Amino acid sequence: MSSRRICSDWLQRTQGTAPQEADRRELIGEWCYRPPGGETFTDVVVRVGHFIHDLGRAAPGRRVLVVAHDG
């Protein structure tokens, strides 16, 4: 799922209920925007990068199944 789709879905839901947040997201940009109580896409990239690094050290050369959720 692309970041553009995620942001687009969120933006459509908030335009009616929180137009100032939708405007702020447009101003800041999707990679640097931090929704209230959330994290930026750059935060997610760093967090996932640390996870992958730690996983590689914990299970070197092994196959690993990672299950995640959307949203």
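Note that this is a predicted model, so its numbers are computed, not measured.

## Here we look at the side chain of Thr 40
Reasoning step 1: Mapped onto the secondary structure, Thr 40 falls in the loop between helix H2 (19–28) and helix H3 (41–58).
Reasoning step 2: Only 2.8 Å separates the side chain of Thr 40 from the side chain of Thr 42, close enough to count as a polar contact.

## Some words on the packing of aromatic side chains
Between two aromatic rings, the relevant description is the distance of the centres plus the angle of the planes.
Reasoning step 1: Going through the model one piece at a time under the given rule, you end up with 1 aromatic pair.
Reasoning step 2: Considering the side-chain rings of Trp 31 and Phe 41, the 5.4 Å spacing of their centres and the 55° angle between planes classify their relative orientation as tilted. Of this pair, Trp 31 sits in the loop between H2 and H3 while Phe 41 is found in helix H3, placing the two residues 10 residues apart along the sequence.

## Topic: the environment of Pro 36
Reasoning step 1: Tracing the chain through its elements places Pro 36 in the loop between H2 and H3.
Reasoning step 2: For Pro 36, a relative accessible area of 62% corresponds to the exposed category.
Reasoning step 3: Each C-alpha atom, one on Pro 36 and one on Glu 21, is 8.7 Å from the other, the two residues being 15 residues apart in sequence.

Parameters and conventions
Residues numbered from 1 in each chain as written. Predicted model: local features only at pLDDT ≥ 70, side-chain atom pairs only at ≥ 80, totals over all residues. Heavy atoms only, no water. Helix = DSSP H or I, 4+ residues; strand = E, 2+ residues; numbered from the N terminus. Polar contact = N/O pair within 3.5 Å; in protein donor to acceptor, adjacent residues only side chain to side chain. Phe/Tyr/Trp six-rings, centres within 6.5 Å; stacked < 30°, edge-to-face > 60°. Buried < 20%, exposed > 50% of the residue type's maximum accessible area, 1.4 Å probe, protein only.

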